Amino acid sequence: MRMFLLVFFIVFLFSVSAHGEEEFFTVQAGSFSSFNEAKTNFLVLKKKLSNGDRDYLRVELVNTYYTLRIGKFNERKKAIELLKKVKNYYSSSLVLSAYVKEERIKELYKGEKKKEPPVGQMAKEGKKSIKKALVAQPKIRRIVNREDAVEYVQEEDTTPDETAFAEPSGDSVKTPPYTEGVAHMGKEHKAQVTERQPPKESKLYKGILFLTDRKNIEPFFPYIAIFIFFVLLLVLVTRKRVVLMLKIQDTIAGGRVKSSKSMRFPEDQGNDPRHKAKEMRRNLIDIAGDIDIQRIKDSGNLQIKSEKIKEGFLNVFTEIDHKSMELKAPAIVMNDLRIDEGHELLGDAYVKGNVYIDEEATIVVVAADGRLNAAAGLRVYKWVDAVEGITVGDNCNLGLSATTEGELLLGKGTIFEFVFGKPVRSFTQKDSVKGLEVDEQGLKVVTNPEDLGANVKELKHTLWYSKKDIIVPEGITLPKNLITNSNITIRCSSLINGYIKSHRSITIEDNVSVRGYLNAYGDVNIGKGSVIEGDIFSKGRIVIERGVGIGTKEKPVSVMSLQSVDIAEGVNIYGSVLAEAGGRVI
């Protein structure tokens, strides 16, 4: 997140600094892939245009193309006038707004020095030009209304019905004021004024014109950038946290990382894993309101109408019989719930007591305030939750999720997608192995990375890195974090005081303790009796052998695989287990 904020802040500063550069209107005649082609057209346009129109005729390198451009105007109107002349030679030319950056200019027309005539000739030519200006008939644009006349600007117009404000008389001509020009127009022109009244512009149209004009919006650019920055910062602060990010360094040069690959996964503890069960309880109780328990006991079952439920009513039972189990509407059971062998409970049920389920039974959704005990062969279509604990027999299918605040005991052959408990425990046999704490006093402390192989380097004071396989010898202590682009193997009875990351697979042999998390692109294999205190994430399979302990009651963890999770007997996992391709107890 800090890196993202730094990059965004740099981009923000760049945008603000770019705002300081002024944009100009210019005419682009064409874009060419080679400089020679652009230079050829540059010389053609230089020859065709008059001396006054060749200002800022240039070839610019924009990205990978050489563009031929002319002019550097503050007003679009002047650029359009030049465009009319350029289109005679380059029909696809256009006017655009762009920065004129000296470093991009590869060829520039610098103008031609004019030869100054003798002083006498200059005076003579000056008199001729003054006389020509006095007798010249000005060309004007069509007058539409009084405001146009006041803001009159001489420009070229080729309409045939144009007339001048005044006719020349003698050697001197007096052009009437612009307001008089409208008064002196003939009847034909006065009629034309009436016919050409423009439609009134709506406020919406004016607003769109204002917003599309860059000059109106430019002063607000810094404030818009600041607003976007704070909105993104707010999104980053309020978004779901990330528990781990895997960064695999590909190449090392001069002690700095040239490139890396990242991988992240969500922190399950950031969301309440029992959210669905709590939400269901709250909704059903809200619909039922204050239930008179004595009334229910006296009168039996109730049926409460509700528009919030698809079927339109909510059942409230003291007990559920086999006929009631066929109802698909949600139900509140005031006491314990018992489901006999082979029966189905079709409706979602909130049970205030305990739930007892015989073999080969089926449920859709059950949320219980007490315990849930199920025999072998239970089938859950959606999910099950029990506050005090869950115990299921062999070969059960726990559907989408099974969650509890207590112990979740899984029988052999049980399959699942998501389970959460404190702890999640697999079935236990007599010869199962418990997770062992390694005796640090009897282990050799390794502080030199060369003791792990010639390919291991100390990247930072807390990290050992290798591009090749790392094999940690048996019976040693490592005070460092380990990371490799290949495989990592930790031999028996060793202690790692940090995290382990691998671009391929991680193999933990028997009776190993890892004080940090495990993160791998490949598979993760954890041997008998090992202890992992942190989270475990794998893009491959996760295999957990007998007697492994993961997490603690005070610090629940996440075990997550993008493929499958296989759990042997006697495993204790404090926290959640998620297997996207399915998990099972073997």
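Computed from a predicted structure; not experimentally measured.

## Focus on the overall build of the protein
Alright, step 1. Counting secondary structure elements, the protein contains 12 helices and 41 strands.
Alright, step 2. For the protein, the proportion of its 586 residues judged to be buried stands at 40%.
Alright, step 3. Long-range contacts, defined as pairs at least 24 residues apart, comprise 34% of the intrachain contacts of the protein with a sequence gap of at least 6.
Alright, step 4. When the accessible surface of the protein is split by element, carbon and sulfur atoms take 52% of a total near 33900 Å².

## What about the side chain of serine 494?
Alright, step 1. Inspection of the secondary structure assignment puts serine 494 in the loop between strand 28 (488–490) and strand 29 (495–496).
Alright, step 2. A polar side-chain atom of serine 494 sits 2.9 Å from the main-chain carbonyl oxygen of proline 473.

## Structural notes on the packing of aromatic side chains
Alright, step 1. This structure, assessed with the given rule, holds three aromatic pairs.
Alright, step 2. Ring plane angle 65° and centroid distance 5.7 Å describe the contact between phenylalanine 35 and tyrosine 66, whose orientation is recorded as edge-to-face. Of this pair, phenylalanine 35 sits in helix 2 (residues 35–48) while tyrosine 66 sits in strand 3 (residues 65–73), placing them 31 residues apart in sequence.
Alright, step 3. The class of phenylalanine 35 is partly exposed, set by a relative accessible area of 26%.
Alright, step 4. Centroid distance phenylalanine 229 to phenylalanine 230: 5.4 Å. Interplanar angle 75°. Geometry classified as edge-to-face.
Alright, step 5. Just above the ring of phenylalanine 24 sits the side chain of lysine 72; from NZ or CZ to the centre is 4.8 Å.
Alright, step 6. The ring of tyrosine 521 carries lysine 539 above its face, with NZ or CZ at 4.6 Å from the centroid.

## Section: the sheet that holds strand 5 (residues 105–108)
Alright, step 1. The strand order across the open sheet formed by five strands is 4-1-3-2-5, and the pairing between neighbours is antiparallel. If you trace the sheet from one side to the other, it starts and ends with strand 4 (94–99) and strand 5, each paired once. Strand-to-strand twist in this sheet, taken as the mean axis angle between neighbours without regard to direction, amounts to 40°.
Alright, step 2. Both strand 2 (residues 58–62) and strand 5 contribute to a ladder of three bridges, which runs antiparallel. Within strand 5, the residue paired with valine 59 across the bridge is glutamate 107.

## Notes on unusual backbone geometry
Alright, step 1. Residue proline 423 is bonded to the preceding lysine 422 through a cis peptide linkage, with omega at 5°.
Alright, step 2. The topology assignment puts proline 423 in strand 21 (residues 415–426).
Alright, step 3. Residue asparagine 395 is not a glycine yet carries a positive backbone phi of 55°.
Alright, step 4. Structurally, asparagine 395 is set in the loop between strand 18 (389–392) and strand 19 (401–404).
Alright, step 5. By relative accessible area, asparagine 395 is classed as partly exposed at 48%.
Alright, step 6. You will see that serine 493, though not glycine, has its phi angle at about 55°, which is positive.
Alright, step 7. The residue serine 493 is located in the loop between strand 28 and strand 29 in this model.
Alright, step 8. In this structure serine 493 comes out as partly exposed when scored by relative accessible area, which is 30%.

## Section: the pairing of strand 39 (residues 557–561)
Alright, step 1. Summarising burial for strand 39: five of the five residues are buried, a large majority.
Alright, step 2. Residue alternation in strand 39 divides its side chains into two sets, Val557, Val559 and Ser561 and Ser558 and Met560, and both sets are buried.
Alright, step 3. The pairing of strand 36 (residues 536–538) with strand 39 spans three bridges and is classified as parallel. Paired with isoleucine 536 across the two strands is valine 559, which belongs to strand 39.
Alright, step 4. Relative to strand 41 (residues 572–585), strand 39 runs parallel, the two sharing five bridges. In the strand pairing of strand 41, valine 557 is matched with glycine 575.

## A word on the environment of threonine 404
Alright, step 1. Positionally, threonine 404 belongs in strand 19.
Alright, step 2. Residues threonine 404 and glycine 389, 15 residues apart in the sequence, show an inter-C-alpha distance of 5.5 Å.
Alright, step 3. If we skip the residues at most four places from it in the chain, threonine 404 touches Arg274, Asp385, Ala386, Val387, Glu388, Gly389, Ile390, Phe420, Gly421 and Lys422.
Alright, step 4. One polar contact links the side chain of threonine 404 to the main-chain amide nitrogen of glycine 406, over a distance of 3.0 Å.

## Overview of a negative patch on the surface
Alright, step 1. On the surface, Asp340, Glu341, Asp358, Glu359 and Glu360 cluster together to form a negatively charged patch.
Alright, step 2. Tracing the backbone shows aspartate 358 in the loop between strand 14 (355–357) and strand 15 (362–368).

## What about the environment of lysine 467?
Alright, step 1. Relative to the elements of secondary structure, lysine 467 occurs in the loop between strand 24 (463–466) and strand 25 (470–472).
Alright, step 2. With 10 residues separating them along the chain, lysine 467 and lysine 457 place their C-alpha atoms 9.4 Å apart.

## Notes on helix 3 (residues 76–86)
Alright, step 1. Within helix 3, the full set of buried residues consists of Ala79, Leu82, Leu83 and Val86. Take helix 3 and look down its axis: the buried residues cluster within an arc of 110°, on one side only.
Alright, step 2. Next to the buried residues of helix 3 lie strand 1 (23–32), strand 3 and strand 4.

## Some remarks on helix 2
Alright, step 1. Compared with the 20 Å implied by 1.5 Å per residue over 14 residues, the 20 Å span of helix 2 between its first and last C-alpha is a close match.
Alright, step 2. For helix 2, the set of buried residues is Ala38, Asn41, Phe42 and Leu45. Along the axis of helix 2, the buried residues cluster in a sector spanning 115°; they form a single face. The exposed residues of helix 2 that point more than 90 degrees off its buried face are Asn36 and Lys47.
Alright, step 3. Its buried side turned inward, helix 2 meets strand 1, strand 2, strand 3 and strand 5.

Rules used throughout
Residues numbered from 1 in each chain as written. Predicted model: local features only at pLDDT ≥ 70, side-chain atom pairs only at ≥ 80, totals over all residues. Heavy atoms only, no water. Helix = DSSP H or I, 4+ residues; strand = E, 2+ residues; numbered from the N terminus. Buried < 20%, exposed > 50% of the residue type's maximum accessible area, 1.4 Å probe, protein only. Contact = heavy atoms within 4.5 Å. Areas by Shrake-Rupley, 256 points an atom, 1.4 Å probe, with all protein chains shown as cover. Polar contact = N/O pair within 3.5 Å; in protein donor to acceptor, adjacent residues only side chain to side chain. Phe/Tyr/Trp six-rings, centres within 6.5 Å; stacked < 30°, edge-to-face > 60°. Lys NZ or Arg CZ within 6 Å of the ring centre and 35° of its normal. Pairing = 2+ DSSP bridges. Axes fitted to C-alpha atoms, helices over the stretch in contact; angles between N-to-C directions. Patch = residues over 30% accessible without salt bridge, like charges linked within 9 Å, V, L, I, M, F, W, Y side chains within 5 Å. Salt bridge = Lys/Arg side-chain N within 4 Å of Asp/Glu carboxyl O. Lys, Arg positive; Asp, Glu negative; His and termini not counted. Charge placed at Lys NZ, Arg CZ, Asp CG, Glu CD. Arc of directions from axis to C-beta. Expected span 1.5 Å × (residues − 1).

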